[in-house]
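Structure assessment
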Number of protein chains: 2
Amino acid sequence: MSDFAMIQAAAARAKGHVRETPLLSSPFLDELTGRRIFVKAECLQHTGSFKFRGGWSALSGMSEAARRKGVIAVSSGNHAQGVALAARIHGVPAVIVMPKDAPALKIANTRALGAEVVLFDRATDDRDALVDRLALERNLTLVKPFDEPLVIAGQGTAGLEIAAQAKAEGIENAQVLVPCGGGGLTSGIALALAKVAPGLIVRPCEPAGFDDVLRSLVSGRIEKNVQLAGSICDAIITQSPGEVTFPIMHDLCQPGLAVSELDCLKAMAQAFLRLKIVVEPGAAVGLAAALYHSDKLPAGDLIVVASGGNVDGEMFARALATLD
Amino acid sequence: MSDFAMIQAAAARAKGHVRETPLLSSPFLDELTGRRIFVKAECLQHTGSFKFRGGWSALSGMSEAARRKGVIAVSSGNHAQGVALAARIHGVPAVIVMPKDAPALKIANTRALGAEVVLFDRATDDRDALVDRLALERNLTLVKPFDEPLVIAGQGTAGLEIAAQAKAEGIENAQVLVPCGGGGLTSGIALALAKVAPGLIVRPCEPAGFDDVLRSLVSGRIEKNVQLAGSICDAIITQSPGEVTFPIMHDLCQPGLAVSELDCLKAMAQAFLRLKIVVEPGAAVGLAAALYHSDKLPAGDLIVVASGGNVDGEMFARALATLD
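These numbers were taken from a predicted model, which means no experiment stands behind them.

Broken down by element type, chain A carries 14 helices and 10 strands. Relative to the compact-globule value of 20 Å for 324 residues, chain A shows a C-alpha radius of gyration of 18 Å, a close match. Its C-alpha atoms give chain A principal-axis dimensions of about 55 × 45 × 40 Å. Evaluated residue by residue, chain A yields a buried proportion of 56% over its 324 residues.

Have a look at this one:
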């Protein structure tokens, strides 16, 4: 099956389960930059991030025999909740391997969604060995966070929605700014748009200092981040784009932008004030690029993906403080 | 034309202009109360509240001759912005009469949406005389905030959406909790549901101490609030239900609930944490009733309208603080 056919199949399986999220806009945001800005509010997806799309696609797309035995995933947050809920709705077991120092709320949420959470110590435990052992012992199927065709196809369903919503708004050409970690969402959306809305150009966005994808797109080969921690955008920090996702992005995307943490906090505050949505720091990099760095982008409309909203009250209060 | 036909006509005029807002849910909210809760996220409407529906209906429904001369409205906030944006899109002038002590942000927003803002002093000016004089001098048509059939029909379009979305979720019977000030939204939704989804029972919700509608529904005649200020739910404080809206609510609604300010702040925090939406205090009374007082309601599913999200960062931070 072609990549695009896989996205169509994922969309068919998602019907009635994955939420079609709205494409929002505000005249105030348009006036900030002198162009039209549309925001795909994927923070309103089940479990508060786009990750439910990929989790649902993986669970619904695997064989009945594999699914019945259960799934395993490694995640400190959004992927964990996406896979946990998809497994719960399918009525199958999910084991989520999470670092001991993951936020207590995210661990509690993952458990509340019915998953068995297995904690590991980042300093002393061999995470991959732990996952392999659990998968083998219990016959679990691993659901990778991004470098997996079924997951990419699931994230790509957001691209089909963007294409239809852009058409309804009369948009034929636009830059599409997508928060990018390992590249699952970015490559999925790029595959969908290349087929059904080729005037919509995907640009992955990242936090400054963690711009492995931007550098990889420029150099033409997979580049790595030097650091892997120390950003408020933790949800989208990965070492490098994936073996599966990078070639797709290299073929279909244009280089994106890297933005500062302060830009992210300010963009979260604008999303609060003008769109009435909750966006987490890593999910705000696209909106930050649109609002504060559009001078580095070709003229015309901008479509921004706000990819998640799983942020605690304390961090959100920091964002609100930028309004003063 | 019947009330329901007016809502259908308003919906036809709204197509492509008024946003269809999503019906959201979260397993975490369901678990809090042991029943299913669905939230109509009307805070995601243009201008951040349902008021744009009524403003659009009034502007698009009046005669071309009247519209061309322009409109006038009195409001300290949400109705002001709804009418201002509807007038701007129609390309006609809007004069909004606002109290001098209205929040600076709301005055600035209304001006930024292209309206001429005329300020009055609550203590010394005769507001109604001022509005009459301006309307007469400039041939402006008054758009009332709730006691006006075209406005009620516009708000009723939210009811048509709720009916369709509930049907898609398989909901035939539910209590529908609607934040209620003068009753425009409540009566509009009640008219729509009575016709297309009679198993959905509307209950107006209010802040404790400002429960004129609840008392009116119980006594069978229009009751008044003693106080008109001093609530964080200011957006839905009116003296009494309207002459037009009360008979509709009396016919079609069941008594609702009155909730405390703390309940509202806690409900805002849950909407942040579980739904990723921004809800203002007055718009959170329905969710507060659902989350913290469902023992006073018949068993079964609850549908809650989150009617607006125009809240400043400081008040929102107060709501977030209830999470600690």
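Now, onward.
All names here are of chain A. Here chain A is partitioned into domain 1 (3-50 + 148-321) and domain 2 (52-142). A separation of 24 Å is found between the C-alpha centroids of domain 1 and domain 2. Across the contact, 23 residues belong to domain 1 and 16 residues belong to domain 2. Looking at the side of domain 1 that touches domain 2, the elements with two or more residues in it are α1 (3-14) and α8 (149-168). For the side of domain 1 that touches domain 2, the element with the highest residue contribution is α8, accounting for 7 residues. Looking at side-chain class alone, the side of domain 1 that touches domain 2 contains 9 nonpolar, 11 polar and 3 charged residues.

Moving on, we get to the nonpolar core. I277(A), A306(A), I277(B) and A306(B) are the most contacted members of the largest nonpolar core, which has 226 residues in total. Ignoring any residue separated from it by four or fewer positions in sequence, one finds A306(A) in contact with V39(A), K40(A), A41(A), E42(A), C43(A), A271(A), I277(A), V279(A), A283(A), A284(A) and L287(A).

Below, the discussion takes up the environment of D101(A). Mapping D101(A) onto the fold places it in the loop between β4 (94-99) and α6 (104-112). Between the alpha carbons of D101(A) and L119(A) there is a distance of 8.8 Å; along the sequence they are 18 residues apart.

Another aspect to go through is the packing of helix α12 (residues 261-275) of chain A against helix α14 (residues 313-321) of chain A. Residues and elements named next belong to chain A. Relative to each other, α12 and α14 sit at 85°, their axes nearing to 7 Å. Taken together, the axes of α12 and α14 lie roughly perpendicular to each other. Between α12 and α14, the contacting residues are L265, M268, A269 and F272 on the first element and R318, A319 and L320 on the second.

All right, on to the interface of chain B and chain A then. With 20 residues of chain B in contact, the opposing surface of chain A contributes 20 residues. Among the elements of the structure, α2 (27-33) and α14 (313-321) of chain B are those that each provide at least two residues to the side of chain B that touches chain A. Per element, the largest residue contribution to the side of chain B that touches chain A is 4 residues, and it comes from α14(B). The residue makeup of the side of chain B that touches chain A, split by class, is 15 nonpolar, 3 polar and 2 charged.

All names here are of chain B. Buried within helix α11 (residues 245-252) are the following residues: T245, F246, I248 and M249. Considered in projection along α11, the buried side chains sweep an arc of 160° and stay on one side of the axis. Looking at the buried side of α11, the elements it contacts are α8 (149-168), α9 (184-196), β8 (200-207) and α10 (212-219).

A word on the relation of the copies chain B and chain A. At an RMSD of 0.0 Å, chain B and chain A line up after a rotation of 180° and a shift of 0.0 Å along the axis. Each copy turns onto its partner about a two-fold axis. Of every C-alpha in chain B, the one belonging to I277(B) sits nearest the axis of rotation, 2.3 Å from it. When you check the interface residues of chain B against chain A, 100% turn up at the interface there too, and the contact is symmetric in its surfaces.

What follows is about the sheet that holds strand β6 (residues 141-142) of chain A. All names here are of chain A. One open sheet accounts for 4 strands, arranged β5-β4-β3-β6; its pairing is parallel. Looking along the sheet, the strands with just one partner apiece sit at the ends: β5 (116-120) and β6. Where strand β3 (residues 71-74) and β6 come together, 2 bridges link them in parallel fashion. Counterpart to I72 in the pairing with β6 is L142.

Next up on the list: the confidence of the model for chain A. Averaged over chain A, the pLDDT score is 96; the fraction of residues at 70 or greater is 100%. Taken together, the chains of this predicted complex give a pTM of 0.97 and an interface ipTM of 0.96.

Quick notes on the rules
Residues numbered from 1 in each chain as written. Chains lettered and ligands numbered in written order. Predicted model: local features only at pLDDT ≥ 70, side-chain atom pairs only at ≥ 80, totals over all residues. Helix = DSSP H or I, 4+ residues; strand = E, 2+ residues; numbered from the N terminus. Rg over C-alpha atoms; globule rule 2.2 N^0.38 Å. Buried ≥ 20, exposed ≤ 12 C-beta atoms within 10 Å, placed from the backbone. Domains from an automatic or database assignment. Contact = placed C-beta atoms within 7 Å. Nonpolar A, V, L, I, M, F, W, Y, C, P; charged D, E, K, R; others polar. Core = buried A, V, L, I, M, F, W, Y, C linked by C-beta atoms within 7 Å. Axes fitted to C-alpha atoms, helices over the stretch in contact; angles between N-to-C directions. Parallel < 35°, antiparallel > 145°, perpendicular 65-115°, else oblique. Arc of directions from axis to C-beta. Least-squares fit on C-alpha atoms with pLDDT ≥ 70 in both. Pairing = 2+ DSSP bridges. pLDDT = per-residue confidence, 0-100.

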